[in-house]
Amino acid sequence: MTEIWDGLTKAIELLISLDPEVMEIAGRSLRISGTACLLASLICLPLGSLIHFHHFRGKRVLINIIQTLFSVPTVVVGLFVFVLISRAGPLGGLGIMFTPTAMVIGQMILITPLLLGLTISALSGVSKEIVDTATSLGASGFQTVLLVLREARYAVLAAVIMGFGRAISEVGCALMIGGNFKGSTRVLTTATYLETSKGELELAIALGIILLFLALIINIVLNRLQQR
Amino acid sequence: MSLIEVVGLNHRYGGRAILENINLSVGRGEVFALIGPTGAGKTTLLRIIDLLEVPSAGEIYVDGRCIPRSGKKRLEIRRRMSFIHQKPQVFNLSVYDNVACGLRWRGEVRDRVAGKVDHILEMVGLEGYKNRNARTLSGGEAQRVALVRSLVLEPEVLLLDEPTANLDPVSTAKIEQLISYVARQRNTTMIMATHDMSQGQQLADRIGVLLDGRLVQSGNATDIFRSPQNEEVAHFVGMENIMEGTIIANNEGIATVNIGGNAIQAVTNYPAGKEVYACIRPEDITLALSSTQSSARNSFQAKVTKVTSLGPLSRVEINCGFRLVALVTKISAEDLNLQVGREVYATFKATGVHIMEKEISQ
């Protein structure tokens, strides 16, 4: 059990000393998962609104499928992207295997169902009366959507935070299509995995704690933003 | 020409008829009250007029032009109107942003929005709440925000759905004042739904009675309250005394009506032999201890059977061969020492009796 304690002190040490290698890895984690989350949000917020505000056949089924995909294993997404971008794959010509770009794509695919599903349920939380009120005050369809998104901002932000959390904490996809190369695709989770397999439990625990610390900072910043 | 015209409107929902053959026209600057009990279809009718819903059948005309059932034109027309819903729905934004949103959606420039919003908030005494989240307001305050959010748009047509339901008397008075101010100052056309008849009478130029999805009668307040068209309307507008009878003679418009063996005089043109309902508003019956000489043609000796206190008024049930309900002030009830068993004289004018034809159907 001493490893946990040692890991904690090590984490504090690494954080205070701003250890260049750890900082670089943490920065990369943040950049890759942040980009993935941002891009996924840009797709899922409008798409989720579109699904929520339109009535069509099979809507229920579609939402069920989206919700099922919440629990898609990271390695399955990793495998899927791997097949897609491997040299022989349909997107092999892009040559992005084992690059941060590939990791961003993988994480985007991973969190899209989550963001989409949670956006839809966030919008469902806004009452029909609010929509009617906006419409009768002269809002166009698009203006109504914007208002409803604004009304649901807390739940929408929670969705984004969830998405980011899943992206930054996943390891399967990052390992399979990132490759965990030092200096280019090594992120906090893959580094933790590597250190554990090397027997460097102390460092592994420290990296895990740093990841949680990062998530805490992000949460605080986003919550501040929404309270304005 | 009327500003809004509803023609042959029918609406069904879930296999049930909500509105049946509604025909209605409201002129520019007119205040029209839709009165009717809960569930009569008032809200649905307002929603259809606000183009929030498409009716199952029938047309709506605005300025004489028929409104299409879908498309951009509806937004354009809707932006000339404003609908205040029964339950005030304020957005989870500051009071200022709530009031500003309609103007912003119409593409007003920032300075003009600020000017108008500040002015109207000041007018209703909400300027101190500008930056507060509207969700933290009390019911009365939220209703005022909802009201000025619509009024700031200076709509040509204002639709109000039970604007004072669930409000205390003071808040109700404030809202009513604001409504009549707007109606007078801006000559805004209004259609308001209410189940409160006195509110309809006080604020409206014309009243329509909506019962069970049908517009049963419309006209000015006096017509509706004094001369309801049928028993249903009579009940709804507070005609407590509705008695079946037969006309036995008619002498130049003054008829004698037989009600269970008692003859009463009433003003009507129905001929002898007609089966009718005779209606008397309870406030039109006066009670006295002796038979007074007066121009009133009907005076009966009666026995008090029940007295109920209604605050400043007392509701007195009497039996004078037939059952009557009279409303007298509390003070006169005390002066007359009205209590069960007391002998009194009930007097009402022939013009105070409204005669309705008994419906042949059923």
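Residues numbered from 1 in each chain as written. Chains lettered and ligands numbered in written order. Predicted model: local features only at pLDDT ≥ 70, side-chain atom pairs only at ≥ 80, totals over all residues.

Q: Tell me about the overall build of chain A, and please be specific about residues and values.
A: Counting its regular elements, chain A contains 11 helices and zero strands. For chain A, the spread of C-alpha atoms along the principal axes amounts to about 65 × 45 × 30 Å. Long-range pairs, those at least 24 residues apart, make up 76% of the contacts in chain A with a sequence separation of at least 6. (Helix = DSSP H or I, 4+ residues; strand = E, 2+ residues; numbered from the N terminus. Contact = placed C-beta atoms within 7 Å.)

Q: Got a sec to walk through the overall build of chain B? Specific residues and values, please.
A: From N to C terminus, chain B includes 10 helices and 20 strands. Dimensions along the principal axes, computed over C-alpha positions, put chain B at roughly 75 × 45 × 35 Å. Considering only intrachain contacts with a sequence separation of at least 6, the fraction spanning at least 24 residues in chain B is 66%.

Q: Any chance you could break down the interface of chain B and chain A for me, citing the residues and the numbers?
A: Accessible area lost on assembly of the parts is the figure often given for the size of an interface. The interface of chain B with chain A comprises 18 residues on the first partner and 13 residues on the second. Looking at the side of chain B that touches chain A, the elements with two or more residues in it are α2 (72-78), β6 (81-84) and α3 (95-105) of chain B. Broken down by element, the side of chain B that touches chain A gets its largest block of residues, three residues, from α3 of chain B.

Q: Account for the domain arrangement of chain B, with residues named and values stated.
A: Residues and elements named next belong to chain B. Split into domains, chain B comes out as domain 1 (2-89 + 137-232), domain 2 (91-133) and domain 3 (239-357). Computed from C-alpha atoms alone, the centre-to-centre distance between domain 1 and domain 2 is 25 Å. Opposite the 10 residues of domain 1 that make contact, domain 2 presents 13 residues. With five residues, the top contributor of residues to the side of domain 1 that touches domain 2 is helix α5 (residues 139-151). Of the residues belonging to the side of domain 1 that touches domain 2, the class tally is seven nonpolar, no polar and three charged. (Domains from an automatic or database assignment. Nonpolar A, V, L, I, M, F, W, Y, C, P; charged D, E, K, R; others polar.)

Q: Tell me what's going on with the sheet that holds strand β2 (residues 16-27) of chain B, and back it up with residues and numbers.
A: In a beta sheet, neighbouring strands are held together by backbone hydrogen bonds and run either parallel or antiparallel to one another. All names here are of chain B. Taking strand neighbours across the sheet as the criterion, the four strands line up as β2-β1-β4-β5 in an open arrangement whose pairing is antiparallel. Strand pairing shows two members of the sheet lacking a second neighbour, β2 and β5 (65-66), which therefore form its edges. For strand β4 (residues 57-62) and β5, the ladder comprises two bridges, and the chain directions are antiparallel. Residue pairing for β5: V62 is matched across the bridge by R65. In the packing of helix α1 (residues 42-49) onto the sheet, contacts are made with β1 (2-13), β2 and β4, and the angle to β1 comes to roughly 125°. (Pairing = 2+ DSSP bridges. Axes fitted to C-alpha atoms, helices over the stretch in contact; angles between N-to-C directions.)

Q: Just give me the short version of the sheet that holds strand β14 (residues 275-280) of chain B, but keep the residues and values in it.
A: All names here are of chain B. Strand order across the open sheet formed by five strands is β13-β12-β11-β14-β20, with antiparallel pairing between neighbours. One side of each edge strand has no neighbouring strand; the edge strands of this open sheet are β13 (262-267) and β20 (353-357). Going from strand to strand, the sheet's axes swing by 45° on average, the running direction of each strand aside. Examined bridge by bridge, strand β11 (residues 241-251) and strand β12 (residues 254-259) share five bridges and lie antiparallel to one another. Residue N250 lies in a different strand from β12, and its bridge partner there is A255.

Q: Describe the environment of N219 of chain A, with residues and values.
A: Mapped onto the secondary structure, N219 of chain A falls in helix α11 (residues 201-227). Take N219 of chain A: there are 13 C-beta atoms within 10 Å of it, and that puts it in the partly exposed class. (Buried ≥ 20, exposed ≤ 12 C-beta atoms within 10 Å, placed from the backbone.)

Q: Let's hear about the nonpolar core: which residues, and what values?
A: Ranked by size, the top nonpolar core spans 152 residues in total, and within it L159 and A278 of chain B carry the most contacts. Among the elements that make up this core, the one with the highest residue count is helix α5 (residues 100-124) of chain A (14 residues). Apart from the residues within four sequence positions on either side, A278 of chain B is in contact with M243, G245, V257, I259, I264, A266, V353 and I355 of chain B. (Core = buried A, V, L, I, M, F, W, Y, C linked by C-beta atoms within 7 Å.)

Q: Report on unusual backbone geometry, specifying residues and quantitative values.
A: Residues and elements named next belong to chain B. The phi torsion at N187 lies on the positive side, around 55°, for a residue other than glycine. Tracing the sequence through the fold places N187 in the loop between α6 (169-186) and β8 (189-194). Phi is positive for D212, close to 55°, though the residue is something other than glycine. Counting through the fold element by element, D212 comes out in the loop between β9 (206-211) and β10 (214-219).

Q: Could you give me a rundown of the environment of E141 of chain B, with the residues and numbers involved?
A: Among the structural elements, E141 of chain B can be located in helix α5. Along the primary structure E141 of chain B and R69 of chain B are separated by 72 residues, whereas in three dimensions their C-alpha atoms are 36 Å apart.

Q: Outline the packing of helix α6 (residues 128-136) of chain A against helix α7 (residues 141-151) of chain A, listing residues and values.
A: All names here are of chain A. Running from N to C, α6 and α7 point in directions that differ by 140°, and their axes come no closer than 10 Å. It follows from the interaxial angle that α6 and α7 lie oblique. Crossing geometry of α6 relative to α7 is assigned as right-handed. In contact with I130, V131, A134 and T135 of α6, α7 contributes T144, L147, V148 and E151. A breakdown of the residues in the contact of α6 with α7 according to their chemical character gives five nonpolar, two polar and one charged. (Parallel < 35°, antiparallel > 145°, perpendicular 65-115°, else oblique. Left-handed = near helix turned anticlockwise from the far one by under 90°.)

Q: Any details on the pairing of β11 of chain B? Residues and values, ideally.
A: Residues and elements named next belong to chain B. Across six bridges, the pairing between β11 and β14 is antiparallel. Note that in β14 the partner of N241 across the bridge is I280. With antiparallel pairing between neighbouring strands as the criterion, β11 and β12 make up a hairpin whose turn holds two residues, including E252 at a positive phi of roughly 50°.

Q: Describe the pairing of β1 of chain B, and please don't skip the residues or the numbers.
A: Residues and elements named next belong to chain B. In this structure, β1 lies alongside β2, joined through eight bridges in antiparallel fashion. Within the sheet, the bridge partner assigned to R12 lies in β2 and is A17. Between β1 and β2, which pair antiparallel in sequence order, lie two residues; one of them, G14, sits at a positive phi of approximately 55°. One ladder, built from five bridges, connects β1 with β4; its direction is antiparallel. The residue bridging V7 from the neighbouring strand is E59, located in β4.

Q: I'd like a description of the confidence of the model for chain B, backed by residues and values.
A: Residues shown with low pLDDT carry predicted positions that ought not to be read at fine detail. All names here are of chain B. Here chain B averages 89 in pLDDT, while 98% of its residues score no lower than 70. Predicted confidence in chain B is weakest over helix α7 (residues 197-203), with a mean pLDDT of 83, and strongest over α3, with 96. Scored as a whole, the predicted complex attains pTM 0.80, and scored at its interfaces, ipTM 0.78. (pLDDT = per-residue confidence, 0-100.)

Q: Describe α5 of chain A, with residues and values.
A: Residue and element names in this part refer to chain A. The first and last C-alpha atoms of α5 sit 35 Å apart over 25 residues, in line with the 36 Å expected at 1.5 Å per residue. At I111, α5 shows its largest kink, close to 40°, and the proline P113 lies no more than four residues downstream. The element α5 is extensively covered by neighbouring structure, given that 20 of its 25 residues are classed as buried. (Expected span 1.5 Å × (residues − 1). Bend = angle between axes of the 7 residues up to and from the residue.)

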